[in-house]
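Letter by letter, the chains look like this.
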Amino acid sequence: MSTTTPPPSPQPRPSEARERLLRTAADLFYNEGIHAVGVDRVLAEAGVTRATMYRHFPGKEALVAAYLGLEDATIRGYFAAAEEQSGGAPRDLVEAVVEGIAEDARRYHTRGCPFINAAAEYPDAGSEVRAIVRRHRDWFRATLADVLTAAGLPEPGAKADALVLLRDATLVGVYLDDGAEVVESFRRTARRVVGLDD
């Protein structure tokens, strides 16, 4: 009798309709606002039926949660890419993270932070959306602190807090002001704050 563990069963691929629905919802929710976009609009633009939606999401709130999950996965992917780009060198990883935040603000999140935007639409601090936002922000702050700690930079917690504030301001600034100037200001300020210019 074998004592080896059988290989895990391959995870089923999400259906094409589910992915299309989620991508469409994410685009509309981010660009136009969650409450401004109704389910009928999402269904029409995704080209899926209401029955298809309910097979994957019990309602709009579940679709919103999945949208925020997609945003969370994207930002976690940025950290993974920065780690790969840095080749594991801690100080280079800090550089890559600062540059990744700047690039994200310049190219992808040009209408503000999706988590802050969602929180603004869900004022009840006890709502599931606000819980998702809190978990993401806690992870983001802790990950920044870990990166700064690994690089041997002093006061990593305080510097992580400052980077979160700078990122928040940058994502608002690129939407309201001259995006290129805002991003360049973020780069200079973030480098100074974390001690990369020392």
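What you see is a predicted model; the values in this text were computed from it and never measured. (Residues numbered from 1 in each chain as written. Predicted model: local features only at pLDDT ≥ 70, side-chain atom pairs only at ≥ 80, totals over all residues. Heavy atoms only, no water.)

The next point concerns the overall build of the protein chain. When its secondary structure is counted, the protein chain shows nine helices and zero strands. Dimensions of the protein chain, computed from the C-alpha atoms along their principal axes, are close to 65 × 60 × 30 Å. In the protein chain, which comprises 198 residues, the share counted as buried stands at 42%. For the protein chain, long-range pairs separated by at least 24 residues make up 65% of all intrachain contacts whose partners lie at least 6 apart in sequence. Element-wise, carbon and sulfur atoms account for 54% of the exposed surface of the protein chain, whose accessible area totals about 10,900 Å². Each charge class in the protein chain can be summarised by its mean position, and for the 24 positive and 30 negative side chains these summaries are 3 Å apart. (Helix = DSSP H or I, 4+ residues; strand = E, 2+ residues; numbered from the N terminus. Buried < 20%, exposed > 50% of the residue type's maximum accessible area, 1.4 Å probe, protein only. Contact = heavy atoms within 4.5 Å. Areas by Shrake-Rupley, 256 points an atom, 1.4 Å probe, with all protein chains shown as cover. Lys, Arg positive; Asp, Glu negative; His and termini not counted. Charge placed at Lys NZ, Arg CZ, Asp CG, Glu CD.)

Our focus in this paragraph is the nonpolar core. A general tendency of soluble globular proteins is for nonpolar side chains to be buried together. In this structure, Leu21 and Phe29 are the most contacted members of the largest nonpolar core, which totals 61 residues. Listed by contribution, the elements that provide at least two residues to this core are helix 1 (16-32), helix 2 (39-46), helix 4 (60-86), helix 5 (90-107), helix 6 (114-121), helix 7 (128-150), helix 8 (156-176) and helix 9 (179-194). When residues of this core are assigned to domains, at least three fall in each of domain 1 (15-58) and domain 2 (65-194). Other than its neighbours up to four places away in sequence, Phe29 contacts Ile34, Val37, Val42, Lys60, Leu63, Val64 and Tyr67. (Core = buried A, V, L, I, M, F, W, Y, C linked by side-chain atoms within 4.5 Å. Domains from an automatic or database assignment.)

Taken together, the side chains of Val172, Tyr175 and Leu176 define a hydrophobic patch exposed on the protein surface, amounting to about 300 Å² of accessible area. With respect to the helices and strands, the residue Val172 is situated in helix 8. (Patch = residues over 30% accessible without salt bridge, like charges linked within 9 Å, V, L, I, M, F, W, Y side chains within 5 Å. Salt bridge = Lys/Arg side-chain N within 4 Å of Asp/Glu carboxyl O.)

As a further point, take the domain arrangement of the protein chain. Per the domain assignment, the segments of the protein chain are domain 1 (15-58) and domain 2 (65-194). Contact with domain 1, which involves ten residues of that partner, is made by 13 residues of domain 2. Together, the buried faces of domain 1 and domain 2 total about 1,100 Å²; carbon and sulfur atoms form 64% of this surface. For the pair domain 1 and domain 2, the number of links is zero salt bridges. At the junction of domain 1 with domain 2, the criterion picks out seven residue pairs in polar contact (both at pLDDT 80 or more). Residue composition of the side of domain 1 that touches domain 2, grouped by class: six nonpolar, three polar and one charged. (Buried area = accessible area lost by both parts, 1.4 Å probe. Polar contact = N/O pair within 3.5 Å; in protein donor to acceptor, adjacent residues only side chain to side chain. Nonpolar A, V, L, I, M, F, W, Y, C, P; charged D, E, K, R; others polar.)

Okay, the pattern of salt bridges next. With the rule as written, the count across this model stands at 17 salt bridges. Its salt-bridge partner being Arg41, residue Glu45 comes within 2.7 Å of it at the nearest N-O pair. You can see Glu45 and its partner Arg41 sitting in helix 2, four residues apart, about one turn around the helix. Judged by its relative accessible area of 33%, Arg41 is partly exposed. In this structure, Arg187 engages Glu184 in a salt bridge whose closest nitrogen and oxygen atoms are separated by 3.3 Å. In this pair, Arg187 and Glu184 are both assigned in helix 9, three residues apart and thus about one turn of the helix distant. Three or more residues joined by partner-sharing salt bridges are found here, namely Glu32, Arg41 and Glu45.

Looking at the protein chain as a whole, the pLDDT averages 92, with 92% of positions reaching at least 70. Per-residue pLDDT stays below 50 along residues 1-6; that stretch engages in zero contacts with residues further than four places along the chain or on separate chains. (pLDDT = per-residue confidence, 0-100.)

For Glu155, which is not glycine, the phi dihedral falls at a positive 50°. Take Glu155: it is sitting in the loop between helix 7 and helix 8. When its relative accessible area of 59% is taken as the criterion, Glu155 is described as exposed.

Once that is clear, we can look at the packing of helix 4 against helix 7. Taken N-terminus to C-terminus, the directions of helix 4 and helix 7 make an angle of 5°; their axes are 10 Å apart at the nearest point. Here helix 4 is positioned roughly parallel relative to helix 7, judged by the angle of their axes. Along its contact with helix 4, which presents Glu61, Val64, Ala65, Leu68, Asp72, Ile75, Arg76 and Phe79, the element helix 7 presents Val129, Ile132, His136, Trp139, Phe140, Thr143 and Leu144. Looking at the contact of helix 4 with helix 7, its residues break down into ten nonpolar, two polar and three charged. (Axes fitted to C-alpha atoms, helices over the stretch in contact; angles between N-to-C directions. Parallel < 35°, antiparallel > 145°, perpendicular 65-115°, else oblique.)

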